[in-house]
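Observations on chain architecture
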Amino acid sequence: MATVNLNPNGCSAPGTPGVGSSTSIHSIQGKDQWVKLNVGGTCFLTTKTTLSRDPNSFLSRLIQEDSDLISDRDETGAYLIDRDPRYFAPVLNYLRHGKLVLDDGLSEEGVLEEAEFYNVTHLIGLLKDNIARREQRPAADKKRVYRVLQCQENELTQMVSTMSDGWRFEQLINIGTQYTYGTEENAEFLCVVSKECANTLIGREVESNDRAKVLQQKGSRM
């Protein structure tokens, strides 16, 4: 089991008295303050103060002595929660310091799913605002990329039906008869397709864009 261990002495709570040592009030209070969570097989060590930042959240209700929630515990006493630990980490960190920090590969939509599950109200609102702003970005942040596909007459139907998600058919240009199959002559076509992408294009896509525009102009004169 992978462990996120914030205690250099192991996953056990700090302040646990050793053999032969006297148990002080401070050590007992320190021990009672720490909580272990086993989220999808990953152990998180945090405090009751952190989990109680949102009093109405699932996490705050879970650690209450008179909690109405039922949760099993593993052999170390950690609460067992069947959720994705990668997306739980930003939720826990938000409760710690009030900031949303996403590692590479994590989506805001994924964190929103977890925030809604744990009912962290302020984080839910923050994520929804971020997603709404992202979807309302000006058109200048996006660019339509064009590509040109060459195909034979008998391949047209299959090519159009298997077009990848997001690609849109723009224009079909007949470039004339290029080959003979049996006794029949068959034409070849250039199919121009486009897709809206973020304005961070690689050179090959830019070249395809320019080439497609030229071919579209050529096709309009045919």
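The following refers to the structure shown. Bear in mind the structure is a predicted one, so any value in this text is a computation, not a measurement.

1. Notes on the overall build of the protein chain
The helix and strand inventory of the protein chain stands at 8 helices and 7 strands. Relative to its 222 residues, the protein chain shows a buried fraction of 33%. In the form shown here, the protein chain has an accessible surface area of approximately 14200 Å², with 47% of it arising from carbon and sulfur atoms.

2. Topic: the environment of Ala89
Within the fold, Ala89 resides in helix α4 (residues 85-97). The class of Ala89 is partly exposed, set by a relative accessible area of 24%. Placed 22 residues apart in sequence, Ala89 and Val111 show a C-alpha to C-alpha distance of 9.1 Å.

3. Considerations on the pairing of strand β3 (residues 42-47)
Successive side chains on a regular strand alternate, one facing one side of the sheet and the next facing the other. Of all 6 residues in β3, 6 are buried, a share of seventy percent or more. Alternating residues of β3 divide into Thr42, Phe44 and Thr46 and Cys43, Leu45 and Thr47, and every residue in both groups is buried. For strand β2 (residues 34-39) and β3, the ladder comprises 6 bridges, and the chain directions are antiparallel. Counted as the bridge partner of Trp34 is Thr47 from β3.

4. Here we look at helix α5 (residues 108-118)
Among all positions of α5, only Glu108, Gly110, Val111, Leu112, Glu114, Ala115 and Tyr118 are buried. In the segment just after α5, Asn119 is the residue with positive phi, at about 60 degrees.

5. Comments concerning helix α6 (residues 121-135)
With 15 residues, α6 should reach 21 Å at 1.5 Å per residue; the first-to-last C-alpha distance of 22 Å fits that figure. Taken residue by residue, α6 has Leu123, Ile124, Leu127, Asn130 and Ile131 as its buried positions. The buried residues of α6 all sit within an arc of 130 degrees when viewed along its axis, so they share a single face. Set apart from the buried face of α6 by more than 90 degrees, the exposed residues are His122 and Arg133. Check the buried side of α6 and you find it contacts α4 and α5.

6. Considerations on the environment of Pro55
Within the secondary structure, Pro55 is located in the loop between α2 (48-51) and α3 (58-62). The spacing of Pro55 and Val120 is 65 residues in sequence and 9.0 Å in space, taken between C-alpha atoms. Excluding residues within four positions of it along the chain, Pro55 makes contact with Ser60 and Arg61.

7. Some details on the packing of aromatic side chains
Within the structure shown, the criterion is met by 5 aromatic pairs. For the pair Phe88 and Tyr118, a centre-to-centre distance of 5.2 Å together with 55 degrees between the ring planes defines the contact as tilted. One end of the pair, Phe88, is in helix α4; the other, Tyr118, is in helix α5, with 30 residues separating them in the sequence. As far as the burial class goes, Phe88 and Tyr118 line up, both buried. Between Phe117 and Tyr118, the aromatic rings sit 5.0 Å apart at their centres with planes inclined by 85 degrees, giving edge-to-face as the arrangement.

8. What about the nonpolar core?
Among the nonpolar cores identified, the biggest contains 27 residues, and Leu37, Leu59, Ile81, Phe88 and Tyr118 are the most heavily contacted of them. In terms of residue count, the dominant contributor to this core is α4 (6 residues). Once residues lying within four places of it in the same chain are set aside, the contact partners of Ile81 are Leu37, Asn38, Val39, Gly40, Phe58, Leu59, Leu62, Phe117 and Tyr118. Met159, Ala187, Phe189 and Val193 belong to the second largest nonpolar core, which has 10 residues in total.

So, how was this worked out
Residues numbered from 1 in each chain as written. Predicted model: local features only at pLDDT ≥ 70, side-chain atom pairs only at ≥ 80, totals over all residues. Heavy atoms only, no water. Helix = DSSP H or I, 4+ residues; strand = E, 2+ residues; numbered from the N terminus. Buried < 20%, exposed > 50% of the residue type's maximum accessible area, 1.4 Å probe, protein only. Areas by Shrake-Rupley, 256 points an atom, 1.4 Å probe, with all protein chains shown as cover. Pairing = 2+ DSSP bridges. Expected span 1.5 Å × (residues − 1). Arc of directions from axis to C-beta. Contact = heavy atoms within 4.5 Å. Phe/Tyr/Trp six-rings, centres within 6.5 Å; stacked < 30°, edge-to-face > 60°. Core = buried A, V, L, I, M, F, W, Y, C linked by side-chain atoms within 4.5 Å.

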